[in-house]
Every structure is written in structure tokens, then in C-alpha cells.
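Architecture and fold: a report
Single-letter residue listing:
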Amino acid sequence: PEAAKSDADIRIGCIPADSNIQFFQLLAKGMQDAGADLGITVDVQYSGRKVEKELNLTETFISQGYDGIVLETVDSEAITGAMQKAADAGVKFVAVDTIPAKPEMAASTVASDNYSGGVAAGKLMKQLLPDGGDVIMIKFKNASISSDDRYRGFADEVAGSNINIIDDVAQDGTRDDTVVKLAPMLTKYPDVDGIFCTQGDPAIGALTAATTAGITDNVTILSYDIEGEVAQAIEQGTAIKGGVAQFPYEMGYLSVVNCYKAIKGESVDNMVLLPVLEVSREKMGEFTGDSTKYLETYGGFKVK
């Protein structure tokens, strides 16, 4: 029986999205640390944000006899094929970060409470622009329930206020594409007051575009995600004035733990949503120093 399998023999294949972005690096680190703590094998292979690669890696892990798969998809609909292949092979499947269109097909999904995160971002934008203003929203081009929840939470929070969402930009999740897509918008709206970036790396792209346009003294950029360069930019007093934080390391850790439990025949929650928390400039050192403790202290969520 699978539940009787030795921990040392359990193998879980993990598929985060992009090895070049710190958010996904932290997600992978959490996966690997969970494997080390549990005494199991965790094999991390990045998909490069390619749906085809997600499916190919899923098939590879199944053919090699892995016991579980943890996948961070770039497309909520497209992940269904990978989940079906795992189900047909009797392999336990956990989705992480992005909520699949059919979460009931997975043993568990570990993600952020993105609607509440969007609401928190909307509250923060109202604080940063107390006199109101026009805002551009930077969106992700792929179909993502998680991203849609961010947009909806932000829009719902600023609705009826003096914050106006005047336009949006769809980009591929990278800073380079954000610069290319946002630059014409800044020409079209030279007096824009705010930019809400629903991912971290695009926030750096938005800062670059704003710098090139010469509007950094007049625009407020808000980031959904605070890692690495975004945290530094906030601390240094750039146009990125603040943001709300997800907890990718902790999501990665819990996704492997839940996959392990499912393999062992233990019950797991089908949906685990982590808080998304505002991180002020004053608390940045506390957040970057120990995000797990920060999540427990300010979000009341215990990981380990």
C-alpha cells in the first residue's frame, strides 16, 4: 500500500515557473527545504513559463515512477491536462501559487488569498494617493484565477473612491515586456498618478519605464509581491512606494508537505490560502529577515 511506503523512497517532482525570478526561486527553496525536513526526495524542474513544458515534465515524472507532483502553472485552464494525466496514473497532485480551474482534481491547492490581497493593495493605494488620481493596472496576459482575484479585489476596494483605473496593460510577467508595453501608455497618459503592478518583476519594469519617461517624481508605483529588488526599491525611496507581500517560500514548503501527506494516505485540505500582507518601509527589514516569522506574527498563519 502507498501509505506504507518508506519516506526515504518517496519522490515528488516539483515544477515552479521561472528560474530567473526570485519569487519562483523562493518557491523552489521552500519545496526543497520541505523535502529535506521530511526526509524525502524532491526534484525541482522549472517550466520556463511554458504550458507545454509543464505537461512534458508531468509526463516525465509519471513515467519515472514519482509518487507525487507539485505544479505551479502559468494558466489556470491549461493545468487540467496535467492533473488528468496524474489522476490516470494514480499520482498525487498538488497545485501551488496559481489556483486551477478545477481544484477538485488536485489533492490540494496551496496559494495566496489573492482577492484579500487585492483589497489590501487597493487600501494601500488610497493611502499613498490620499488626494486620489488616475491609475494604470499592470496585468498578467495568461488566464489565471489568482491574478483575476487580485484585479477584482483592487478594483472593488477603490470603487467609489477618488482613485480611477483609467487603463490596463497585459504583459508576460517579465520586466522587459512590461517596459515595452507600458512605455506607450505613459506617452498616452503623461500625468498618470499611480501604477498598480500585480506581480513583482513587472514593478521593476514599471520603474524603468517611469524613469525613462521622466515621471518618477510624480507617479506612485505599488507592487503586488515584495522580493529582492522590489524591497530594495521601496527601502531606497524610489517611485515604488509600497506593496503587499505573498509568501512564496512558505507556499512551496506547504505544497510539498500536503503532497507528502496525500501520498501517505493522510487527509489534507483541498484549498489552503495564505494571507497577503502589507509590508511598510519601516517593517521591510523584519519581512526580508524572516518571512515565515513575519507571516506568523502579522498574519496569524503557522507554517512549520
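Here, the structure is the one placed above.
Residues numbered from 1 in each chain as written. Predicted model: local features only at pLDDT ≥ 70, side-chain atom pairs only at ≥ 80, totals over all residues. Heavy atoms only, no water.

Moving on, we come to the layout of surface pockets. Each pocket or cavity is described by its volume, and for the largest pocket that value is around 410 Å³. Those elements that provide at least two residues to the lining of the largest pocket are α1 (22-38), α5 (145-158), α7 (200-213) and α8 (229-235). It is α7 that contributes the most residues to the lining of the largest pocket, four residues altogether. For the lining of the largest pocket, a count of residues per class yields nine nonpolar, 12 polar and nine charged. One number sums up the size of the second largest pocket: a volume of about 250 Å³. What lines the second largest pocket is a set of 15 residues, among which L26, E227, F287, T288 and S291 lie closest to the centre. Looking at the lining of the second largest pocket, the elements that each hand over two or more residues are α1, α9 (248-263) and α10 (284-289). Its residues assigned to classes, the lining of the second largest pocket shows six nonpolar, six polar and three charged. (1 Å grid on protein atoms, 1.4 Å probe; cavity = no way out; pocket = protein on both sides within 12 Å on 5 of 7 lines; lining within 4 Å. Points joined across faces, edges and corners; volume = space filled by probe spheres on them. Helix = DSSP H or I, 4+ residues; strand = E, 2+ residues; numbered from the N terminus. Nonpolar A, V, L, I, M, F, W, Y, C, P; charged D, E, K, R; others polar.)

The subject of this paragraph is the sheet that holds strand β10 (residues 240-245). Read from one edge to the other, the open sheet built from six strands follows the order β7-β6-β8-β9-β10-β12, with strand pairing classed as mixed. Of all strands in the sheet, those bounded by a partner on one side alone are β7 (163-171) and β12 (277-279). Between one strand and the next, the sheet's axes are offset by a mean angle of 20°, whatever the strand orientation. In this structure, strand β6 (residues 133-140) lies alongside β7, joined through eight bridges in parallel fashion. Within β7, the residue paired with I138 across the bridge is V169. This element, α5, spans β6, β7, β8 (194-197) and β9 (220-224) of the sheet and lies at about 170° to β6. Sheet strands in contact with α7 are β6, β7, β8, β9 and β10, and its direction is about 165° off that of β9. (Pairing = 2+ DSSP bridges. Axes fitted to C-alpha atoms, helices over the stretch in contact; angles between N-to-C directions. Contact = heavy atoms within 4.5 Å.)

Turning our attention to α7. Between the first and last C-alpha of α7 there are 20 Å, a value that for 14 residues agrees with the 20 Å anticipated at 1.5 Å per step. In terms of residue burial, α7 counts as a mostly covered element, since 10 of its 14 residues are buried. Regarding α7, the residues found buried are G200, D201, P202, A203, I204, G205, A206, L207, A209 and A210. Of the residues trailing α7, G214 is marked for its positive phi of about 70°. (Expected span 1.5 Å × (residues − 1). Buried < 20%, exposed > 50% of the residue type's maximum accessible area, 1.4 Å probe, protein only.)

Moving on, we come to the packing of helix α4 (residues 114-128) against α5. α5 packs onto α4 with a crossing angle of 40° between their chain directions and a minimal axis gap of 7 Å. Considering their axes alone, α4 and α5 lie oblique with respect to each other. Considering only the axes of α4 and α5, their crossing is right-handed. On α5, the residues touching N114, Y115, G118, V119, A121, G122, K123, M125 and K126 of α4 are S146, D149, R150, R152, G153, F154, D156, E157 and V158. For the contact of α4 with α5, the class distribution of residues is six nonpolar, five polar and seven charged. (Parallel < 35°, antiparallel > 145°, perpendicular 65-115°, else oblique. Left-handed = near helix turned anticlockwise from the far one by under 90°.)

Every regular strand shows the same layout, with side chains that alternate between the two sheet faces. Alternating residues of β8 divide into G194 and F196 and I195 and C197, and every residue in both groups is buried. In the classification by handedness, the crossover that spans β8, the intervening α7 and the parallel β9 is right-handed. (Right-handed = clockwise from strand over helix to strand, strands pointing away.)

All right, on to the packing of α1 against α9 then. Viewed as axis vectors pointing N to C, α1 and α9 meet at an angle of 40°, and their least axial separation amounts to 6 Å. Considered as vectors, α1 and α9 are oriented oblique to each other. Crossing geometry of α1 relative to α9 is assigned as right-handed. From α1, F23, L26, L27, K29, G30, M31, D33, A34, G35, D37 and L38 reach across to α9, where they touch P248, Y249, M251, G252, Y253, S255, V256, V257 and Y260. Its residues placed into classes, the contact of α1 with α9 shows 13 nonpolar, four polar and three charged.

Moving on, we come to the sheet that holds strand β2 (residues 41-44). What the six strands build is an open sheet, ordered β2-β1-β3-β4-β5-β11; its pairing is parallel. The sheet is open, and its two borders are formed by β2 and β11 (271-274), each paired with just one other strand. Mean inter-strand twist for the sheet, computed between neighbouring axes without regard to direction, equals 15°. Bridge count between strand β1 (residues 11-15) and strand β3 (residues 68-71): four bridges; the pairing is parallel. Bridging across to β3, G13 finds its partner in I69. Packing of helix α2 (residues 51-63) onto the sheet brings it into contact with β1, β2 and β3, and relative to β1 it is tilted by some 175°.

On to the pattern of salt bridges, then. What the rule picks out here adds up to 12 salt bridges. Of the charged contacts, one joins E229 and R175 as a salt bridge, the two residues approaching to 2.9 Å between their closest N and O atoms. Of this pair, E229 sits in helix α8 while R175 is found in helix α6 (residues 175-188), placing the two residues 54 residues apart along the sequence. Using a relative accessible area of 43% as the deciding quantity, one classes E229 as partly exposed. Each of R175, D201 and E229 takes part in one network of salt bridges that share partners. (Salt bridge = Lys/Arg side-chain N within 4 Å of Asp/Glu carboxyl O.)

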